[in-house]
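Examination of the molecular architecture
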2 protein chains.
Amino acid sequence: MPAKDIFHESVKVALQKDGWIILREDWYIELDAGLAIYIDLAAQKFIEAEKDGKRIAVEIKSFISQSNMTSFQKALGQFLVYVKAVKKQLLDWTVYLAIPVDIYNGFFLEFNFIREMVEEYDLKLIVFHPDTKEIVLWRN
Amino acid sequence: MPAKDIFHESVKVALQKDGWIILREDWYIELDAGLAIYIDLAAQKFIEAEKDGKRIAVEIKSFISQSNMTSFQKALGQFLVYVKAVKKQLLDWTVYLAIPVDIYNGFFLEFNFIREMVEEYDLKLIVFHPDTKEIVLWRN
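Throughout this description, residue numbers start from 1 for each chain and increase along the sequence as written. Labels are handed out in written order, letters beginning with A for the chains and numbers beginning with 1 for the ligands. Under the rules for a predicted model, residues below a pLDDT of 70 receive no local features and side-chain atom pairs below 80 are neither given nor counted, while totals for whole chains, interfaces and linings still include all residues.

Observations regarding the overall build of chain A
Scanning chain A from N- to C-terminus turns up four helices and six strands. Numbered from the N terminus, helices here are DSSP runs of H or I no shorter than four residues, and strands are runs of E no shorter than two. Across chain A, helices and strands are ordered from the amino to the carboxyl terminus as α-β-β-β-α-β-α-α-β-β. C-alpha atoms define the radius of gyration, and 2.2 Å times the number of residues to the power 0.38 defines the globule rule. Rg of the C-alpha trace for chain A: 15 Å, near the compact-globule value of 14 Å for 140 residues, within the 12% margin. For chain A, the spread of C-alpha atoms along the principal axes amounts to about 40 × 35 × 30 Å. With C-beta atoms placed from the backbone, a residue is labelled by how many other C-beta atoms lie within 10 Å of its own: buried for 20 or more, exposed for 12 or fewer, partly exposed between the two. Classification of the 140 residues of chain A by burial places 36% in the buried group. Distance between backbone-placed C-beta atoms decides contact: two residues are in contact if it is within 7 Å. Looking at chain A alone, contacts between residues at least 24 apart form 56% of all its contacts between residues at least 6 apart.

Some details on the interface of chain B and chain A
Opposite the 18 residues of chain B that make contact, chain A presents 18 residues. Looking at the side of chain B that touches chain A, the elements that each hand over two or more residues are β1 (21-32), β2 (35-47), α2 (68-88) and α4 (112-120) of chain B. Looking at the side of chain B that touches chain A element by element, the count peaks at 10 residues for α2(B). Under the scheme applied, nonpolar residues are Ala, Val, Leu, Ile, Met, Phe, Trp, Tyr, Cys and Pro; charged residues are Asp, Glu, Lys and Arg; polar residues are all the others, including Gly. Of the residues in the side of chain B that touches chain A, the class split is 11 nonpolar, four polar and three charged.

Regarding the nonpolar core
Nonpolar side chains in soluble globular proteins tend to be buried together. To define a nonpolar core, we join buried Ala, Val, Leu, Ile, Met, Phe, Trp, Tyr and Cys residues through C-beta atoms within 7 Å and take the resulting set. Core analysis: the biggest nonpolar cluster contains 79 residues, and Val58(A) and Val58(B) have the highest contact counts within it. Ignoring sequence-local partners within four residues, the contact set of Val58(B) consists of Val11(B), Asp40(B), Leu41(B), Ala43(B), Tyr96(B), Ala98(B) and Ile126(B).

Examining helix α4 (residues 112-120) of chain A
All names here are of chain A. Buried within α4 are the following residues: Phe113, Ile114 and Met117. Along the axis of α4, the buried residues cluster in a sector spanning 95 degrees; they form a single face. Those residues of α4 that are exposed and aimed more than 90 degrees away from the buried face are Asn112 and Glu119. Among the residues trailing α4, Asp122 stands out with phi positive, at a value near 50 degrees. Note that the arc is computed from the directions linking the helix axis to the C-beta atoms.

Considerations on unusual backbone geometry
For residues besides glycine, phi is generally negative; the peptide bonds are generally trans as well. Residues and elements named next belong to chain A. With a phi close to 50 degrees, Asp26 is a non-glycine residue in the positive phi region. Mapped onto the elements, Asp26 comes out in strand β1 (residues 21-32). For Asp26, a count of 13 C-beta atoms within 10 Å translates into the label partly exposed. The residue Asp122 is not glycine, and still its phi comes out positive at about 50 degrees.

Regarding the relation of the copies chain B and chain A
Least-squares fitting of one copy onto the other uses the C-alpha atoms of those residues that reach a pLDDT of at least 70 in both copies. Superposing chain B onto chain A takes a rotation of 180 degrees plus a shift of 0.0 Å along the axis, which leaves an RMSD of 0.0 Å. Those values place the two copies in the arrangement expected of a two-fold rotation axis. A shared binding surface is used by both copies, with 100% of the interface residues of chain B retained as interface residues in chain A.

Description of the environment of Glu9(A)
Considering the arrangement of structural elements, one finds Glu9(A) in helix α1 (residues 8-17). Sequence-wise, Glu9(A) and Pro130(A) are 121 residues apart; in three dimensions their C-alpha atoms are separated by 9.0 Å.

Quick look at the pairing of strand β5 (residues 125-129) of chain A
All names here are of chain A. For two strands to count as paired, DSSP must find a minimum of two bridges between them. Bridging between strand β4 (residues 94-100) and β5 involves four bridges; their strand directions are parallel. Its bridge partner lying in β5, Ala98 is registered against Ile126. For β5 and strand β6 (residues 134-139), the ladder comprises five bridges, and the chain directions are antiparallel. Each bridged residue has a counterpart across the sheet, and for Val127 the counterpart in β6 is Leu137.

Looking at the packing of helix α2 (residues 68-88) of chain A against α2(B)
Two measures define how a pair of helices packs: the angle their axes make with one another and the distance between the axes. Close contact between α2(A) and α2(B) brings their axes to 7 Å; oriented N to C, the two are set at 110 degrees. The angle between the axes of α2(A) and α2(B) places the two elements in the roughly perpendicular class. Taking contact as the criterion, the partners of Gln73(A), Lys74(A), Ala75(A), Leu76(A), Gly77(A), Gln78(A), Leu80(A) and Val81(A) in α2(A) are, on α2(B), Gln73(B), Lys74(B), Ala75(B), Leu76(B), Gly77(B), Gln78(B), Leu80(B) and Val81(B). Split into classes, the residues belonging to the contact of α2(A) with α2(B) amount to eight nonpolar, six polar and two charged. Fitting a line to C-alpha atoms yields each axis, with helices limited to the stretch in contact; the angle taken between N-to-C directions then spans 0 to 180 degrees. Each angle is binned into one of four classes, with values under 35 degrees roughly parallel, values over 145 roughly antiparallel, values of 65 to 115 roughly perpendicular, and all other values oblique.

Topic: the pairing of strand β2 (residues 35-47) of chain A
Residue and element names in this part refer to chain A. Alignment of β1 against β2, held across nine bridges, turns out to be antiparallel. Its bridge partner lying in β2, Asp32 is registered against Leu35. Connecting β1 to the antiparallel partner β2 that follows it, the hairpin turn spans two residues, and Gly34 within it adopts a positive phi of roughly 90 degrees.

Here it is in structure tokens:
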């Protein structure tokens, strides 16, 4: 099991404050015999319009240990693998990357190139504030 | 400038043996003010049918420091960023990931999930043998 991201608790609390029920942490999905991924958080929210509510799989990206560009490349690849993994399991979950608000403002919004990549690969983002433990923005 | 990959020399020699001229190493491409990437190798080969020959940008992925799945996610994101970077610069280069033959056989061919990802995102691969310093296979 991978080491918990330093922002794991922040994102968990932020989702709970926003009305989400945390269903799983470090969710193990086997893709093939000998090939698996772990998704940080899985959560569900009941919404009147939808019988089963909405379910999300959330991978937390801290963007602290490498350059932002290197972190972005890894996050992009991970997102695309996770989207496919969830789809192949026929699971009705939407995959999100959770990123700190300072990285969103100072990197994701800052560079045209990154904005275009986010559009092109339809990256879904949960932007959170690590200190207040609140969700600042959803990019759906 | 990033540290040279341990297989840098192997891939360089393998390309040269295959008739490629190495044009640049650690090729710096600025994407936005303050945002750049480095591509390990750029090479060119003159082919009768094409006036300017064929030009390739090669990023070497060793798959040694992390799990293969983590390395794959990073390589996928990097490939997609580099493809877009080259396209945005209006450069007529084809981006390849160079990977060792044991990783190709034991991971890329081994798992259906990975084969499907390679197809879906049209990953172009140069499979090389680190010891003999020869190219084993091109996936175009």
